[in-house]
Amino acid sequence: MVYFVGAGTGAVDLITVRGMRLLGQADVVIYAGSLVNPKLLAYTRKGCEVYNSAKLTLKEVIQIISSAQTEGKTTVRLHTGEPSIYGAVREQMDELDALGIPYESCPGVSACFGAAASLNLEFTLPGVSQSLIITRMEGTTKVPDRESIEGFAAHKASMAIYLSAGMIQELSRRLIAGGYEGNTPAALIYKATWAEEEAYVCTIETLYGISVKHRITKMALILVGDAVAHQHYRKSRLYAPDFSTGYREASQKEWD
C-alpha cells in the first residue's frame, strides 16, 4: 500500500495526526528532500528505509515503490505542503494504476495557509474579497494562456502565488498590467512556518525591492490583495445579532 502524505508547510507539528501516524507505520518513506523539513523523519520507526526524491527520477521513485509492494511493505510518499497543489502526484498515481498498486492520499497544510497564519490574515474578508486564487508564474512548467497572471489580476481577489520568487519584478509588472494598483497590499513570505521564516508586508510595486534587499529568490510565497492589509472590510453576517441561524435567534436589528 502507498500513502501520499502532505508534510505541511514546514513546522514539524503542522503535519496532520493521520500523516504522523502513517509515517510511524511506514516501512519505506520517499520524501521530497528539496522542500520537506527533514526533521519530520523523526516520526518514522527504527528500520524504516528512507529515500530523498530530490535525487530521483519518476521511474526510480516508482521502482522503489514497486519493490516495496512486492515485499509486502507500506510506503509513504511524503510531499511538501498539500500534495494536490503543485505536488506532481497525478503522474505517480497513473504509474501505480498501471501496475495495480493501491494508494490513498492524506492531505496537508499548504504554504498559503501557513503564510496566512504567520501574518494572522484572512483571505476572504466581506466587502474586500470572497475568493482566493492560487497560481504561479510560468517557468519550466507551462501555464495555460487562459490562466495568465493578468487575467487573474483583473478580478482583484486575494492571490497566493507559488514558485515565482525568482521572477518578482516581472510578476509585479504583470499584476499591475492586469488591473491591480501599484499600491495594492502584498506580502513576501520565505519558508512560512519554518524556524527561519521571514515575512514582509509591502505593496506590489515594492515587492521586488523587498526581495532584493533580503535576498529572497526561492522557497517563498507571494500574497497579493487588499485582504493582506485587512482594512475597510465588513463584519461577517454569521455573528450579527440581527441575523438568525439554526442555533440562534436574532436579538436586535442593528449590526455595526
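Anything mentioned here points back to the structure above.
Residues numbered from 1 in each chain as written. Predicted model: local features only at pLDDT ≥ 70, side-chain atom pairs only at ≥ 80, totals over all residues. Heavy atoms only, no water.

### Quick look at the overall build of the protein chain
Step number 1: Scanning the protein chain for helices and strands turns up 7 helices and 10 strands.
Step number 2: Its C-alpha atoms put the protein chain at 65 × 50 × 35 Å along the principal axes.
Step number 3: Put simply, the protein chain has 256 residues, and 43% of those count as buried.
Step number 4: Nonlocal contacts in the protein chain, meaning residues at least 24 apart in sequence, comprise 64% of its contacts between residues at least 6 apart.
Step number 5: Summed over its atoms, the accessible surface of the protein chain is roughly 13,800 Å², and 51% of this surface lies on carbon and sulfur atoms. (Helix = DSSP H or I, 4+ residues; strand = E, 2+ residues; numbered from the N terminus. Buried < 20%, exposed > 50% of the residue type's maximum accessible area, 1.4 Å probe, protein only. Contact = heavy atoms within 4.5 Å. Areas by Shrake-Rupley, 256 points an atom, 1.4 Å probe, with all protein chains shown as cover.)

### Section: the pairing of strand E7 (residues 158–162)
Regular strands place side chains that alternate from one sheet face to the opposite one.
Step number 1: Taken across its 5 residues, E7 has 5 buried, putting it largely inside the fold.
Step number 2: Pairing between strand E6 (residues 132–136) and E7: 5 bridges, direction parallel. Residue pairing for E7: Arg-136 is matched across the bridge by Tyr-162.
Step number 3: The pairing of E7 with strand E10 (residues 220–224) spans 3 bridges and is antiparallel. By the bridge assignment, Met-159 is partnered in E10 with Val-224. (Pairing = 2+ DSSP bridges.)

### Some points on the pattern of salt bridges
Step number 1: If you walk through the whole model with that rule in mind, you get 9 salt bridges.
Step number 2: With a shortest N-O distance of 3.7 Å, Lys-142 and Glu-138 are connected by a salt bridge.
Step number 3: For Glu-150, the salt bridge is made with Arg-174, and the minimal N-O distance between the two is 3.1 Å. Within this pair, whereas Glu-150 is found in helix H5 (residues 149–153), its partner Arg-174 is found in helix H6 (residues 168–178), the two being separated by 24 residues in sequence. (Salt bridge = Lys/Arg side-chain N within 4 Å of Asp/Glu carboxyl O.)

### Some details on unusual backbone geometry
Step number 1: Even without glycine at this site, His-230 takes up a positive phi of about 40 degrees.
Step number 2: Structurally, His-230 can be placed in the segment after E10.
Step number 3: Phi is positive for His-232, which is not a glycine, with a value near 60 degrees.

### Quick word on the sheet that holds strand E4 (residues 75–79)
Step number 1: The strand order E3-E2-E4-E1-E5 describes an open sheet built from 5 strands, whose pairing is parallel. The sheet is open, and its two edges are formed by strand E3 (49–52) and strand E5 (103–106), each paired on a single side. On average, adjacent strands in this sheet sit at an angle of 20 degrees to one another, irrespective of strand direction.
Step number 2: Of the pairings in the sheet, the one linking strand E1 (residues 2–6) to E4 comprises 5 bridges and is parallel in character. Within the sheet, the bridge partner assigned to Gly-6 lies in E4 and is His-79.
Step number 3: Sheet contacts for helix H2 (residues 58–70): E1, strand E2 (28–31), E3 and E4; angle to E2, the most-contacted strand, approximately 165 degrees. (Axes fitted to C-alpha atoms, helices over the stretch in contact; angles between N-to-C directions.)

### A look at the sheet that holds E6
Step number 1: The strand order E6-E7-E10-E8-E9 describes an open sheet built from 5 strands, whose pairing is mixed. Unpaired on one side and paired on the other, E6 and strand E9 (198–203) mark the two borders of the sheet. The average undirected angle you get between the axes of adjacent strands in this sheet is 20 degrees.
Step number 2: Pairing of strand E8 (residues 185–190) with E10, which is carried by 5 bridges, proceeds in the antiparallel orientation.

### What about the packing of aromatic side chains?
Step number 1: As enumerated under the stated definition, the model contains 2 aromatic pairs in all.
Step number 2: Of note, Arg-136 hangs over the ring of Tyr-86, and the distance from its end group to the ring centre comes to 5.9 Å.
Step number 3: One cation-aromatic arrangement involves Lys-191 over Trp-194; the distance from NZ or CZ to the ring centre is 3.9 Å. (Phe/Tyr/Trp six-rings, centres within 6.5 Å; stacked < 30°, edge-to-face > 60°. Lys NZ or Arg CZ within 6 Å of the ring centre and 35° of its normal.)

### As for H2
Step number 1: Here H2 spans 18 Å end to end across 13 residues, near enough to the 18 Å set by a 1.5 Å rise per residue.
Step number 2: Of the positions making up H2, those classed as buried are Val-61, Ile-62, Ile-64, Ile-65 and Ala-68. Seen end-on, H2 carries its buried residues on one side only, within an arc spanning 155 degrees. Opposite the packed face of H2, turned more than 90 degrees from it, sit the exposed residues Lys-59 and Thr-70.
Step number 3: Buried residues along H2 sit in contact with E1, E2, E3, E4 and helix H3 (90–99). (Expected span 1.5 Å × (residues − 1). Arc of directions from axis to C-beta.)

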